[in-house]
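Reading the structure
The lines below spell out each chain.
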Amino acid sequence: MNQTSQLETEFQQPTSGTPLAIETERLTKVYGSGNTEVVAMQAASMQVRRGEVVALLGPSGSGKSTFLTAVGLINPPTSGRVSIGGQLVLDGPASRTNLRTFRRQHIGFVFQKSNLIPFLTAGENVRIAMELNGESVRESTARTMELLEYLGVADRAENLPSMLSGGQQQRVAVARALANRPSVILADEPTAALDSQRGRQVMELFARVAHETQAAVIVVTHDHRSLDVFDTHYEMEDGRLRLTKSSPQFANVS
Ligand SMILES: Nc1ncnc2c1ncn2[C@@H]1O[C@H](COP(=O)(O)OP(=O)(O)O)[C@@H](O)[C@H]1O
Ligand SMILES: [Mg+2]
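Predicted, not measured: the structure shown is a model, and the values here were computed from it.

Here we come to the site of ligand 1. Close contacts around ligand 1 come from Tyr-31, Gly-32, Val-38, Ala-40, Gly-58, Ser-60, Gly-61, Ser-62, Gly-63, Lys-64, Ser-65 and Thr-66, and that covers them all. Elements supplying a minimum of two residues to the shell around ligand 1: strand S2 (38–48) and helix H2 (64–71). For the shell around ligand 1, the element with the highest residue contribution is H2, accounting for 3 residues. Residue composition of the shell around ligand 1, grouped by class: 3 nonpolar, 8 polar and 1 charged.

Following this line, the structure appears as structure tokens:
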């Protein structure tokens, strides 16, 4: 078997047993080359189970976004592997086929700023994610209202993002991330633009979503005041990942 078809076969195979929701194995990322080379991430390994909510801490420039965008299949690593739901998805720069479809179906992303489309209403911003995924208008309209209610912003469905507070915009962005029932939710400093009380509410929301939908959640945050909300803490320093708090419920059995 040549290398390509071996890789393809491997990408199709789920591992046995209860699969981890997310597994990264020794992710490394090198930006640039020669004397502009930056090693942004080095051998970063993490395991996240279904329903687990993970805080990723670390100073600015330590590689947190590089890690999160690798897990989110947006920015592939230079080397190392990413498996989602027991399926090998990335092996260094190589990926399974239909990566974009896989990402849309399995991963929800929330950014620092809500990134809502400014000329669509809050409801339309959520619905479009489902329609892109082939959902009928009827089903996506119903689920949009359900999600906005779940997140406490149903009364804002008809408003444009500019009419919403920062906290409300982030709630709509979370609703949009949940639209396609992802098994993995990734958030990069989602509360950076919020005051501490609203920031905490958004963090509590991520924990609730993880526990209620059994999604695996990783949140990059600087806010040490909300850390009690998380099951597990990791810290990134100079591209190296370290487990700093584990929850007995999710601790590795090995
Ligand atoms: N596209 C890029 N090209 C070159 N260097 C980059 C790029 N993106 C990030 N970096 C560098 O990689 C390191 C880690 O960045 P990043 O992952 O954004 O850290 P964090 O999210 O923790 O602030 C930094 O030194 C940053 O300057
Ligand atoms: Mg960052």
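With 14 residues, helix H5 (residues 137–150) should cover 20 Å at 1.5 Å per step; its first-to-last C-alpha distance of 20 Å lies within 8% of that length. Within H5 the residues assigned to the buried category are Ser-140, Thr-144, Leu-147 and Leu-148. All buried residues of H5 fall inside an arc of 95° around its axis, so they share one side. Turned more than 90 degrees away from the buried face of H5, the exposed residues are Arg-138 and Glu-139. Looking at the packing, one finds that the buried side of H5 touches helix H4 (122–132) and helix H6 (166–178). Looking one or two places after H5, you find Gly-152, whose phi comes out positive at around 75°.

The next thing to look at is the sheet that holds strand S9 (residues 216–220). Read from one edge to the other, the open sheet built from 6 strands follows the order S7-S8-S9-S3-S10-S11, with strand pairing classed as mixed. Since the sheet does not close on itself, it has two edges, and those belong to strand S7 (107–110) and strand S11 (240–245), each with one partner. Recorded for the sheet is a direction-independent mean angle of 20° between the axes of neighbouring strands. Taken together, the 5 bridges between strand S10 (residues 232–237) and S11 define a ladder with antiparallel strand orientation. Paired with His-233 across the two strands is Lys-245, which belongs to S11. Lying on the sheet, H2 is in contact with strand S3 (53–57), strand S8 (184–188), S9, S10 and S11; it crosses S9 at an angle near 155°.

Below, the discussion takes up unusual backbone geometry. A positive phi angle, close to 55°, is found at Asn-98, a residue other than glycine. Relative to the helices and strands, Asn-98 is located in the loop between strand S6 (94–95) and helix H3 (99–106). A count of 10 C-beta atoms within 10 Å places Asn-98 in the exposed class.

Let us look at the sheet that holds S2. Pairing within the open sheet is antiparallel, and its 5 strands lie in the order S2-S1-S4-S5-S6. Single-partner strands in this sheet number two, and they are S2 and S6. Summarising the sheet, strand S1 (residues 22–31) and S2 pair through 7 bridges and their orientation is antiparallel. For Val-30, the partnering residue across the bridge sits in S2 and is Val-39.

So, on to helix H7 (residues 196–213). Compared with an ideal rise of 1.5 Å per residue, which puts 18 residues at 26 Å, H7 spans 25 Å between its outermost C-alpha atoms and is within 8% of the ideal. Those residues of H7 hidden inside the fold are in contact with S3, H6, S8 and S9. Of the residues trailing H7, Gln-214 is marked for its positive phi of about 65°.

Moving on, we come to the pairing of strand S4 (residues 79–84). Looking at chain direction, S1 and S4 are connected through 5 bridges and run antiparallel. Considered in S4, the bridge of Glu-25 is made with Arg-81. In the sheet, S4 pairs with strand S5 (residues 87–91) via 4 bridges, with the strands oriented antiparallel. Considered in S5, the bridge of Val-82 is made with Leu-90. Hairpin remark: S4 followed by S5, antiparallel, with 2 residues in the connecting loop; positive phi at Gly-85, about 60°.

Calculation rules
- Residues numbered from 1 in each chain as written.
- Chains lettered and ligands numbered in written order.
- Predicted model: local features only at pLDDT ≥ 70, side-chain atom pairs only at ≥ 80, totals over all residues.
- Near = placed C-beta within 6 Å.
- Helix = DSSP H or I, 4+ residues; strand = E, 2+ residues; numbered from the N terminus.
- Nonpolar A, V, L, I, M, F, W, Y, C, P; charged D, E, K, R; others polar.
- Expected span 1.5 Å × (residues − 1).
- Buried ≥ 20, exposed ≤ 12 C-beta atoms within 10 Å, placed from the backbone.
- Arc of directions from axis to C-beta.
- Contact = placed C-beta atoms within 7 Å.
- Pairing = 2+ DSSP bridges.
- Axes fitted to C-alpha atoms, helices over the stretch in contact; angles between N-to-C directions.

Distances and angles like these do not, on their own, reveal function.
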